[in-house]
Amino acid sequence: MLNPQIANDVIAYGISLGADFAEVFVEKHNSTNISVLSSKVHEIKSGIDFGIGIRLIYGTKVLYGYTNRTDKDELLRITRALAAQDKRDPVATSAALSFMKNVDHHKVLHGLAQDDISMDQKIQYLLRIDAAARKDSDKISQVTCGVLQRLQDIEIFNSEGLHITDTRNYTRLMANAVATDGNEQSTGYEAPGALSGWEMVDTINPTELGEVVSKQALIKLTAGDCPAGKMPVVIDNGFGGVIFHEACGHLLETTSVQKKASVFWDKMQEDIAHSAVSAVDDGTMENLWGSINIDDEGMPTQKTQLIKDGKLTSFLVDKVGSMKTGFERTGSGRRQSYKYAPASRMRNTYIEAGEHSLDDILATIDNGIYCKKMGGGSVKPGTGEFNFSAQESYLIKNGKIDRPLKGATLIGTGPEVLRKISMVGNNLELAAGMCGSVSGAIPTSVGQAALKVDEILVGGKA
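Counting from 1, residues in each chain are numbered in the order their sequence is written. Reporting in this predicted model follows two pLDDT cut-offs: at least 70 for local features of residues, and 80 or more for side-chain atom pairs to be given and counted; totals over whole chains, interfaces and linings ignore these cut-offs and use all residues. The side-chain numbers reported here are obtained from all heavy atoms of the structure, hydrogens and water having been left aside.

## Describing the side chain of Arg-172
Then comes step 1: Following the sequence through the fold, Arg-172 ends up in strand S6 (residues 162-181).
Then comes step 2: The rule is simple: take the accessible area with a 1.4 Å probe, protein chains only, and divide by the maximum for that residue type; under 20% is buried, over 50% is exposed, in between is partly exposed. Counting rule applied: Lys, Arg positive; Asp, Glu negative; His and chain ends not counted. We count a salt bridge whenever a side-chain nitrogen from Lys or Arg sits within 4 Å of a carboxyl oxygen from Asp or Glu. Of the buried charged residues, Arg-172 lacks a salt bridge, with Glu-190 as the closest side chain of opposite charge at 8.6 Å.
Then comes step 3: Within 3.5 Å is the distance limit for a polar contact, defined as a pair of N or O atoms, with the added protein rule that one can donate a hydrogen and the other accept it, and that residues adjacent in sequence qualify only through two side-chain atoms. One polar contact links the side chain of Arg-172 to the main-chain carbonyl oxygen of Ala-191, over a distance of 3.1 Å.
Then comes step 4: A polar contact of 3.0 Å, which involves the side chain of Arg-172, links it to the backbone oxygen of Ala-432.
Then comes step 5: The contact partners of Arg-172, leaving out residues within four places of it in the chain, are Gly-146, Val-147, Leu-148, Ala-191, Pro-192, Gly-193, Met-200, Trp-289, Ala-432, Gly-433 and Met-434. The numbering of helices and of strands both runs from the N terminus, where a helix is a DSSP run of H or I of at least 4 residues and a strand a run of E of at least 2. Should any heavy atoms of two residues lie within 4.5 Å, those residues are counted as being in contact.

What follows is the structure in structure tokens.
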């Protein structure tokens with residue numbers, strides 16, 4: 001996408017102005033978004049964005065700028081403007097660029113580039129979700145569904161001689177149902193996604209997806225108030241992993257570790273969780289939503305064991321994080337687009353499966369809460385203090401699922417909960433999400449098997 005000679009000249013110019021490291025990140029981004037609201041096509045949007053980001057590193061200080069132009073004069077102007085903040089005599093040299101062929105581990109059949117799925121096919125698929133969500137109850141008052149497809153081409157050059165390219169195809173569905181009964185209103189929501197083309201959608205039955213979100217909304221409509229207080233809680237698989245992602249995963253990124261802002265910054269090789277807990281962040285999983293071939297610094301991604309049998313074994317490390325902490329890079333440097341400098345970020349993060357069935361776990365609890373699906377929440381950076389609502393939850397009575405509840409909120413801290421996870425199930429599942437942080441919003445997966453937290457504060461009304 002960018003003439004290598006121009007990239008080489010820009011990098012050499014940055015190094016001549018005293019930078020220890022110079023990088024050029026080129027990105028072209030195509031996207032199409034179709035949405036259906038109330039059984040009609042609501043919106044069809046498509047767009048193209050292109051830009052180039054330039055990063056200079058002086059010591060461990062990062063200077064970053066970007067433009068939408070490819071001409072050499074503009075790129076040199078930005079480099080000069082960045083270097084003016086820290087200009088000094090040259091101390092480093094740049095290596096000759098050498099193109100490295102990237103291995104694509106995530107094959108795509110029907111991405112935006114192939115353009116072989118008609119708009120009408122996509123719309124008909126969404127209308128089937130809409131119809132399925134409405135068919136069983138007149139209490140479903142509104143259904144919204146949509147599909148986002150994205151094609152991202154990137155090209156990276158740096159002063160260490162790296163020249164590499166990658167192509168990423170993303171597809172994500174969204175289905176939302178609203179149930180209404182008098183003044184009561186509740187919602188159901190699912191949003192599966194993959195690093196894939198339209199073939200991901202072919203694996204999801206639209207009728208079943210519509211029925212799932214409709215059922216979620218209707219169950220909550222008749223649910224009773226959730227009891228409050230400290231009690232054992234079972235958090236089921238899939239999106240239940242959002243608590244680990246938000247309240248623990250971010251604390252393991254060198255973005256916070258390097259500033260000693262994480263409670264885990266000095267805990268390497270120490271026990272930070274119950275021995276039942278092992279967790280990984282894996283960017284290599286085939287066609288998974290948070291997977292990548294290379295990170296946004298050009299390093300092949302990898303599977304990183306974060307916690308093993310309760311012991312902290314690794315952080316998520318990007319280039320600058322490595323320079324500041326001394327830990328090896330893990331292929332975790334990621335960014336939303338050319339508008340952001342990369343930072344250490346998660347990919348597909350999950351607590352590994354244990355040996356227990358869900359029924360085994362439930363059977364150990366006389367009185368507690370079963371959170372079948374987690375919703376959104378908030379987390380305090382650094383400490384991992386969190387507050388998450390359950391999208392679908394039930395009372396556990398004498399080892400069995402009893403009745404549906406509404407208004408369940410889990411309150412605690414990530415480090416505290418890690419030590420209170422005493423049982424992990426065998427039904428591992430991952431779910432797609434978008435993660436926002438210092439380098440923008442990126443696709444990540446969260447996941448876990450069902451797990452038991454021996455005690456956690458539950459916010460409710462009863």
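That covers the picture; the talk isn't over yet.
## Here's the deal with the sheet that holds strand S13 (residues 311-312)
Hydrogen bonds between backbone groups are what pair the strands of a sheet, and the pairing can be parallel or antiparallel.
Then comes step 1: At least two DSSP bridges between two strands are required for those strands to pair. Spatially, the six strands line up as an open sheet ordered S13-S12-S11-S16-S23-S22, and their pairing is mixed. The strands lining the two open edges of the sheet, one partner per strand, are S13 and strand S22 (429-437).
Then comes step 2: Two elements, strand S12 (residues 303-308) and S13, share two bridges in a ladder whose sense is antiparallel. Bridge assignment links Ile-307 to a residue of S13, and that residue is Leu-312.

## Remarks on the nonpolar core
Then comes step 1: Throughout this description, the term nonpolar core refers to a set of buried Ala, Val, Leu, Ile, Met, Phe, Trp, Tyr and Cys residues connected via side-chain atoms within 4.5 Å. The biggest cluster of nonpolar side chains holds 45 residues, and the ones touching the most others in it are Val-233, Ile-369, Met-374, Leu-410, Leu-418 and Ile-421.
Then comes step 2: Counting only elements with at least two residues in this core, the list comes to strand S10 (229-235), helix H6 (242-247), S12, strand S17 (367-380), strand S18 (385-397), helix H10 (414-419), strand S21 (421-424) and strand S24 (451-459).

## Observations concerning the packing of helix H1 (residues 4-16) against helix H2 (residues 72-83)
Then comes step 1: To get an axis, a line is fitted to the C-alpha atoms, and for a helix only the part in contact is used. The angle between two axes follows their N-to-C directions and goes from 0 to 180 degrees. In the contact formed by H1 and H2, the axes pass within 10 Å of each other and the chain directions differ by 20°. Comparing their axes, H2 and H1 come out roughly parallel. Note that H1 runs across H2; the crossing there is right-handed. Along its contact with H1, which presents Ile-6, Asp-9, Val-10, Tyr-13 and Gly-14, the element H2 presents Lys-72, Leu-75, Leu-76, Thr-79 and Arg-80.
Then comes step 2: In terms of residue class, the contact of H1 with H2 is built from five nonpolar, two polar and three charged. When describing relative orientation, an angle under 35 degrees is termed roughly parallel and one over 145 degrees roughly antiparallel, while 65 to 115 degrees is termed roughly perpendicular and anything else oblique. Less than a right angle of anticlockwise turn of the near helix away from the far helix marks a crossing as left-handed, whereas a clockwise turn marks it as right-handed. Classification used: nonpolar for Ala, Val, Leu, Ile, Met, Phe, Trp, Tyr, Cys and Pro, charged for Asp, Glu, Lys and Arg, polar for all others including Gly.

## A look at H1
Then comes step 1: For H1, which comprises 13 residues, the first-to-last C-alpha distance of 18 Å matches the rise-based estimate of 18 Å (1.5 Å per residue) to within 8%.
Then comes step 2: Along H1, the residues that are buried comprise Ile-6, Ala-7, Val-10, Ile-11, Gly-14 and Ile-15.
Then comes step 3: By the N-cap criterion, in which a side-chain oxygen at the helix start approaches the backbone nitrogen of a residue two or three places on, H1 is capped by Asn-3, the distance to Gln-5 being 2.8 Å.
Then comes step 4: Gly-18 occupies a position one or two residues after H1 and carries a positive phi of about 100°. In this analysis, the expected span of each helix is defined as 1.5 Å times one less than the number of residues it contains.

## Concerning the packing of helix H3 (residues 119-134) against helix H5 (residues 206-221)
Then comes step 1: Two elements in contact, H3 and H5, have axes whose closest approach is 7 Å; the angle formed by their N-to-C orientations is 40°. With respect to H5, the element H3 is oriented oblique. In this structure, H3 meets H5 at a crossing whose hand is right-handed. Contacts between H3 and H5 involve Tyr-125, Arg-128, Ile-129, Ala-132 and Ala-133 from the former and Pro-206, Thr-207, Leu-209, Gly-210, Glu-211, Val-213 and Ser-214 from the latter.
Then comes step 2: Per-class residue counts for the contact of H3 with H5 are seven nonpolar, three polar and two charged.

Read these as spatial facts, not as claims about activity.
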